Every structure is written in structure tokens, then in C-alpha cells.
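# Structural description and commentary
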Amino acid sequence: MRKTPTWADVTPKAQFLRRREVLAGALAVGLAGPAAARIDARPSPLSTEAKPNTYEQITSYNNFYEFGWDKDDPKAHAGRMTTDPWSVEIGGLVERPGSYALEDVLRMAPLEERIYHFRCVEAWSMVIPWIGLPLSAVLDRAGVRPGAKFVAFETLYRPSEMPGTGIDWPYVEGLRLDEARHPLTILASGLYGEALPKQNGAPLRLVVPWKYGFKSIKSIVKITLTEDMPPTSWNRLQPSEYGFYANVNPAVDHPRWSQATERVIGAGLLAARVPTQPFNGYADQVAGLYQGMDLRTFY
Ligand SMILES: Nc1nc2c(c(=O)[nH]1)N[C@H]1C(S)=C(S)[C@@H](COP(=O)(O)O)O[C@H]1N2
Ligand SMILES: [Mo]
């Protein structure tokens, strides 16, 4: 049987060494429970200074439609999804296509700076302390071939463990290659120093903090480099409402609601909504990717 990834695989090395004294043996991520597993590693310089939401908030208010339409469905039902063993098939326009075991994917980047505190936004917003690695490191390891322009992602499709209906599964998403290579684009394998909870997309999910939440596809089993723009689930379902790019843009209303403000999860139900920032506050880093594009047309 394949070995469960250890702290050494998913947390910065110094942090791992410090924690080893504390945990005294409870090294396997799968064995360390929520209470045992908090770490306060130094976050990547890409991180926001804002205070992260609580573990409880991050893991009980989710969208993962394979498990139902309500925000509490993923926590209630994702537990039945088997995530070990796990492998990711990397293919298309790459030099080294193949099926990569999760542990090998997690080792594709150095262990420093694995903690990223990123804002995520939808009609609501949270700050989440992810553990992850740059997607670019994985793309480099697979060897992107000339001609590749997009990266397509696919979620596990296993109806026996996924009771959700209403979408043409599997969930698929995509990024332009330069978006995929941007240092803010990570593959997350954990949060708050623990292996990723299933409702958040265990064992490996995308995080693209300047885009609306739905781009950040969960429980990834397939990554394919393509020449053509790949299909995406929400665009396929409702093309007039969801485009390929899905950059956070408060100036453009969704056809059925304003996108100008967000409810900050944890601020209290009576707290005023706050203005949503262009590119979710990451404009300085990513606006250049879209220079010359009309972001009202390419939404
Ligand atoms: N496979 C899959 N990935 C998914 C989804 C989904 O339904 N299935 N929902 C998306 C949506 S709409 C959002 S807002 C985010 C939510 O991520 P979170 O629950 O970790 O906050 O996951 C995205 N990734
Ligand atoms: Mo979403």
C-alpha cells in the first residue's frame, strides 16, 4: 500500500522539524487530528495580511456540488469520497505524460513557503491559510511542450460516492497557460497545517485567488495541456452567465445579481457588505495578464 503523505511532504521543512518535537510521532497528516495539527508557519510573501477565517468557517460553508447544492452539504456528505490512494494523470502537450502519485506531485516544489494566506471571493469572502505548491512547478516537472496554450483540469467522477445531481459531471475547469504559471496560482493540499478536508477538495485542488470561486476546481484527477480553450462546467451549464475568465470584476454585474460587494464571512450577519476589489485585490500582480483585453467581453 502506498504511504500517506507526511508533514514533511506538505509543510515547510523548518516547521516540520519544530512540530516533530511537539507531535512526537503523530507525523502522518492523515493521523493528526484538527486539534493536534495547528501550525503557525511563516506565510509566503504573496499572502494577504488579513486575518484568516476560522477552521470551522472554512470547512463548514462550502460549494462542492458533487455532494449537493447547499453550503452545508459538502461537510455532511464529502466524507464518503475515497481519497487514498490518489493519483493525477498529467497529459496532453507535455514531455512526460503519465499518472503521478499524489505524494510525487506534492514533492515537485521545494518545501519552503508552502503556506499561502489568500482571499477568496464570491458573493461572500474569506481568507484561507492554504498549504500548497505553485502549479508552475508541476507544469515544469511534466514539461510543457511548445504549442500548449491552456491547462484543463478535471475532478474525480465517482457517482457511487457523490450523490449530487444537476451538473454534467465530471466538473471541469481551465486556465490560460500564463494564468496557470502565475505564482499566485497554487495546487492546495492542506489548510491550517492539516491535510485538506474533503469538503474543501481533498486531496488536491486548484486555488486561483483573483478569480471567482468556481474556477478553483476541487479533487483533481487530471491535468491536460491543450492548444484550444478547454470547456468549463459553469460555462457549459450557463454560458450567458459564466465566461471562461471569471476574473473578479465588481464593475460587471452577474446577469442575476450585483458583484459590487461581498459579505465577509465571520464579520457577523448584521455587518455591512464591503466593496469587492478588482481581481479580488490582486490587481497589482495580475492585471498585466489581461492588458489590451476587454474584460466586459471576456468575463
Ligand atoms: N469539483 C468541484 N470543484 C469546485 C466546485 C464544485 O462544485 N465541484 N465548486 C466551486 C465553487 S462554486 C466554489 S465557490 C469553490 C468553493 O471552495 P471552498 O468550499 O473550499 O470555499 O470551489 C469550486 N470548486
Ligand atoms: Mo462558487
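Note: the structure precedes this text.
Here is a short report on the structure shown in this document. (Residues numbered from 1 in each chain as written. Chains lettered and ligands numbered in written order. Predicted model: local features only at pLDDT ≥ 70, side-chain atom pairs only at ≥ 80, totals over all residues. Heavy atoms only, no water.)

### Observations concerning the overall build of the chain
- Check the secondary structure of the chain and you find nine helices and 12 strands.
- A burial count over the chain gives 52% of its 299 residues as buried.
- Accessible surface, the chain: about 13,500 Å² in total, of which carbon and sulfur atoms supply 55%. (Helix = DSSP H or I, 4+ residues; strand = E, 2+ residues; numbered from the N terminus. Buried < 20%, exposed > 50% of the residue type's maximum accessible area, 1.4 Å probe, protein only. Areas by Shrake-Rupley, 256 points an atom, 1.4 Å probe, with all protein chains shown as cover.)

### Re the pairing of strand 10 (residues 220–226)
- Two strands pair when backbone bridges link them, and strand 1 (residues 87–92) and strand 10 are joined in this way by four bridges, in the parallel orientation. Counted as the bridge partner of Glu89 is Lys222 from strand 10. (Pairing = 2+ DSSP bridges.)

### Observations regarding the packing of aromatic side chains
- Summed over all chains, the structure comprises 14 aromatic pairs.
- A ring pair is formed by Phe118 and Tyr282, whose centres lie 6.0 Å apart and whose planes are at 80 degrees; its orientation type is edge-to-face. Residue Phe118 is found in strand 3 (residues 115–121), and its partner Tyr282 is found in the loop between strand 12 (274–275) and helix 9 (283–286); the two are separated by 164 residues along the sequence.
- By relative accessible area, Tyr282 is classed as buried at 4%.
- Site record: aromatic cluster; members linked through ring pairs are Phe150, Phe244, Tyr245, Phe279, Tyr290 and Phe298.
- Above the face of the Tyr61 ring, Lys71 is positioned so that its terminal group lies 5.8 Å from the ring centre.
- One cation-aromatic arrangement involves Lys215 over Phe244; the distance from NZ or CZ to the ring centre is 4.3 Å. (Phe/Tyr/Trp six-rings, centres within 6.5 Å; stacked < 30°, edge-to-face > 60°. Lys NZ or Arg CZ within 6 Å of the ring centre and 35° of its normal.)

### Re the nonpolar core
- Counting residues in hydrophobic clusters, the biggest one holds 74 residues, and the most contacted among them are Trp130, Leu135, Phe153, Leu187, Leu206 and Trp210.
- Each residue touching Trp130, except ones within four places of it in the same chain, is listed here: Arg114, Ile115, Tyr116, Phe118, Ile186, Ala188, Gly190, Leu191, Leu196, Arg205 and Val207. (Core = buried A, V, L, I, M, F, W, Y, C linked by side-chain atoms within 4.5 Å. Contact = heavy atoms within 4.5 Å.)

### Section: the site of ligand 1
- Taken together, 15 residues lie around ligand 1, and Asn62, Tyr65, Glu66, Thr155 and Lys218 are the ones closest in.
- Side-chain polar atom of Thr155 to a nitrogen atom of ligand 1: 2.8 Å apart, as the coordinates give it.
- Arg205 places a polar side-chain atom, nitrogen or oxygen, 3.0 Å from an oxygen atom of ligand 1. (Near = heavy atom within 4 Å. Polar contact = N/O pair within 3.5 Å; in protein donor to acceptor, adjacent residues only side chain to side chain.)

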